[in-house]
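Observations on the model geometry
Chain by chain, the residues run as shown.
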Amino acid sequence: MDADKYIEQGMMLAEMLGSIVNEKEVNTQGAAWNLLYNIAQKNNVSAMLCNYVPKTCPENIRYKFLNDYKKSLILVTKLDYIFDRVCDSFKKENIEFLPLKGKILRNIYPQPYMRTSCDTDIYIRENDRESAKKCLYSLDFSLNSCGDGVDVYFKEPVYCFEIHFMPFDGRLKNCGCFGDLLERAEYDSACGYYRFNDNDLYLYNFLHLYKHFDYAGCGIKLFLDLYILSKRLDLNFYCINSVVENCGLTEFHETVLNLNKIFFEGESPKEKYKTLTAYILANGNFGNGAHAFSEEIKSDKSKHKFVFFLKQWFLSTEQMKPLYPILEKAPFLLPFCWIHKGVRTLFRNPSAIKREIKKVKFYSKDNCDKFDYIKSLAGIKEE
């Protein structure tokens, strides 16, 4: 594929997204609609464009946009329904909680269908983890993993709830100055849960973008989130910049603001931003798997990709206990739990195995150096 053509169409896509937010016309002359659609779908923003694609777009491509729009309407309805059920269950158990993104972000977009995501993030206090598990089990969720400050639950066909009990995970060690999220949030008696004020909603999403960019890169959607928040919320950037500075992320924040002007307002990029925009557009919605694996290898004591790969699949007893509570009483059953987990993953989520193998395949010292260079361009300093 012609890299210059890909970037050109990616930038046209970004300008179209910006025109929706700012209610302006955009010139789509020269659009390569099939490529533009593929980039939009890769970044999970194709549904947002459906009602704004001009008649000059070929009918078969317009049908693809329309189909994604219809799927998004259905998905948002399902996500909001299950979110409300989880919230009602948490309230009955007297769990204090704070929705972090999901429905909160959807309601700030011009239309809720424009912002879909299958995972819903909720923050609770750590001593409410067992109560939250009870609630989610009662709604037929299953515990999929327990990570650094977050329990992840799945329910067929598409529901994923990430229950956070640490303000930020281990990759955001420099963001402790943000403090406890529930203490910063305000209780909303109308909906029965806590909510961020405007400044903190913006800050949380900025730090969320930083986490993804630093760990695995990210696509254009997280930048769009922040851009829409900056346009639709009543923000005090003096307060925001103070927190950003305390987190040591002033330069990265300036990079994000400049990238958003380039992406969504058509500002001409300087040379370093050309490299960054090309990298972001190439990533897609879920970032770069090789980038993520490089970061994981760097933080692992073994520093060897094969050893690290084995650690991901043969977890320790402590890591496996939340998934297999029987290990509390019978730790000798660990090898059988490994086998069960492997077989279940093979049949229920084979793409996870392919994804891990692909990450190992593309890991190299050259890739590590490339990702370090990208982060330095963005203003992220290595500790």
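Every value quoted in this text rests on a predicted model; they were computed, and no experiment measured them. Each chain has its residues counted from 1, following the order in which its sequence is written. pLDDT decides what is reported in this predicted model: residues at 70 or higher carry local features, side-chain atom pairs at 80 or more are listed and counted, and totals for whole chains, interfaces and linings draw on all residues regardless. Hydrogen atoms and water are omitted, and side-chain values are computed over all heavy atoms in the structure.

**Section: the overall build of the protein chain**
- Numbering of helices and strands starts at the N terminus; helices are DSSP runs of H or I of at least 4 residues and strands are runs of E of at least 2. Within the protein chain, the regular secondary structure consists of 18 helices and seven strands.
- Here the term buried applies to any residue with accessible area under 20% of the maximum for its type, exposed to any over 50%, and partly exposed to those in between, with areas from a 1.4 Å probe on protein chains only. Taken across its 383 residues, the protein chain has 51% of its residues classed as buried.
- The contact criterion used throughout is that any non-hydrogen atoms of two residues lie within 4.5 Å. Counting contacts in the protein chain only where the partners sit at least 6 residues apart, residues at least 24 apart contribute 66% of the total.
- Surface accessibility in these figures is a Shrake-Rupley result with a 1.4 Å probe; residues are shielded only by whichever protein chains are displayed. Carbon together with sulfur atoms contributes 52% to the accessible area of the protein chain, which is approximately 19,300 Å² in total.

**Some words on the sheet that holds strand 2 (residues 119-124)**
- Strands are labelled as partners when DSSP assigns at least two bridges between them. In space, the five strands of this open sheet follow the order 1-2-5-4-3, with mixed pairing throughout. Of all strands in the sheet, those bounded by a partner on one side alone are strand 1 (97-99) and strand 3 (142-146). This sheet shows a mean twist of 25° between the axes of neighbouring strands, independent of strand direction.
- Here strand 3 runs beside strand 4 (residues 150-155); their pairing, made up of four bridges, is antiparallel. Bridge assignment links Ser145 to a residue of strand 4, and that residue is Val152.
- Orientation is described by axes fitted as lines to C-alpha atoms, over the contacting stretch for helices, and by angles from 0 to 180 degrees between their N-to-C directions. Its contacts with the sheet place helix 4 (residues 59-92) against strand 1, strand 2, strand 4 and strand 5 (159-164), and it is angled at close to 40° to strand 5.

**A look at helix 8 (residues 198-216)**
- To estimate the expected span of a helix, count its residues, drop one, and scale the result by 1.5 Å. The end-to-end C-alpha distance of helix 8 is 27 Å, a good match for the 27 Å that 19 residues give at a rise of 1.5 Å each.
- Burial of helix 8 is extensive: 17 of the 19 residues sit out of reach of the surface.
- Polar contact is defined as a pair of N or O atoms within 3.5 Å, subject to the rule that within protein one atom must be able to donate a hydrogen and the other to accept it, and that residues adjacent in sequence are counted only when both atoms are side-chain atoms. For helix 8, the capping residue at the N-terminal end is Asn197, with a side-chain oxygen 3.2 Å from the backbone nitrogen of Asn199.
- Following helix 8 by one or two positions, Gly217 adopts a phi angle in the positive range, close to 70°.

**With respect to a nonpolar patch on the surface**
- A contiguous nonpolar surface patch, about 560 Å² in accessible area, is contributed by Phe336, Ile339, Val343, Leu346 and Phe347.
- The topology assignment puts Phe336 in helix 16 (residues 334-348).
- Overall, the relative accessible area of 56% leaves Phe336 in the exposed class. For patches, a residue must show more than 30% relative accessible area and have no salt bridge; joins then use 9 Å for like charges and 5 Å for nonpolar side chains, namely Val, Leu, Ile, Met, Phe, Trp and Tyr. A side-chain nitrogen of Lys or Arg and a carboxyl oxygen of Asp or Glu constitute a salt bridge if their distance falls within 4 Å.

**Focus: the pattern of salt bridges**
- Tallying each qualifying case throughout the model produces 16 salt bridges.
- Note that Lys134 is salt-bridged to Glu93, the shortest N-O span being 3.6 Å. Pair noted here: Lys134 is in helix 6 (residues 129-138) and Glu93 is in the loop between helix 4 and strand 1, with a separation of 41 residues, a long-range link.
- Look at Lys134 and you get exposed, because its relative accessible area is 52%.
- Judged by its relative accessible area of 32%, Glu93 falls in the partly exposed class.
- One connected set of salt bridges, linked through shared partners, spans Glu126, Arg129 and Asp151.

**Focus: the pairing of strand 5**
- Counting buried residues along strand 5, five of its six residues qualify, which places the element largely inside the surrounding structure.
- Relative to strand 5, strand 4 runs antiparallel, the two sharing six bridges. Among the inter-strand pairings, Tyr153 is bridged to a residue of strand 5, identified as Phe161.

**Thoughts on the packing of aromatic side chains**
- By convention, a stacked pair of Phe, Tyr or Trp rings (six-membered ring in the case of Trp) has centres within 6.5 Å and planes under 30 degrees apart, an edge-to-face pair has planes over 60 apart, and any other such pair is tilted. Under the counting rule described, the total for this entry stands at 17 aromatic pairs.
- Aromatic side chains Phe206 and Phe252 sit 5.7 Å apart centroid to centroid with 35° between the ring planes, which places their arrangement in the tilted category. Linking Phe206 in helix 8 with Phe252 in helix 11 (residues 250-265), this pair joins segments that are 46 residues apart in sequence.
- Phe252 sits in the buried class, given a relative accessible area of 1%.
- For the ring pair Phe213 and Phe252, a centre distance of 5.5 Å and an interplane angle of 55° mean the geometry is tilted. In this pair, Phe213 sits in helix 8 while Phe252 sits in helix 11, placing the two residues 39 residues apart along the sequence.
- Owing to a relative accessible area of 1%, Phe213 belongs among the buried residues under this scheme.
- Through successive ring pairs, a cluster of aromatic residues spans Phe206, Tyr210, Phe213, Phe252 and Tyr279.

**Here's the deal with the packing of helix 1 (residues 3-22) against helix 9 (residues 220-232)**
- Look at helix 1 against helix 9: their axes get within 11 Å of each other, and the N-to-C directions meet at 25°. Here helix 1 is positioned roughly parallel relative to helix 9, judged by the angle of their axes. Where helix 1 crosses over helix 9, the two elements pack in a sense that is right-handed. Contact residues: Ala14, Leu17, Val21 and Asn22 in helix 1; Ile220, Leu224, Tyr227, Ile228 and Lys231 in helix 9.
- Residues are grouped as follows: Ala, Val, Leu, Ile, Met, Phe, Trp, Tyr, Cys and Pro are nonpolar; Asp, Glu, Lys and Arg are charged; all remaining types, including Gly, are polar. A class-by-class count of the residues in the contact of helix 1 with helix 9 yields seven nonpolar, one polar and one charged. Roughly parallel means an angle under 35 degrees; roughly antiparallel means over 145; roughly perpendicular covers 65 to 115; every other angle is labelled oblique. By definition, any crossing whose near helix is turned counterclockwise from its far helix by less than a right angle is left-handed, and any crossing with a clockwise turn is right-handed.

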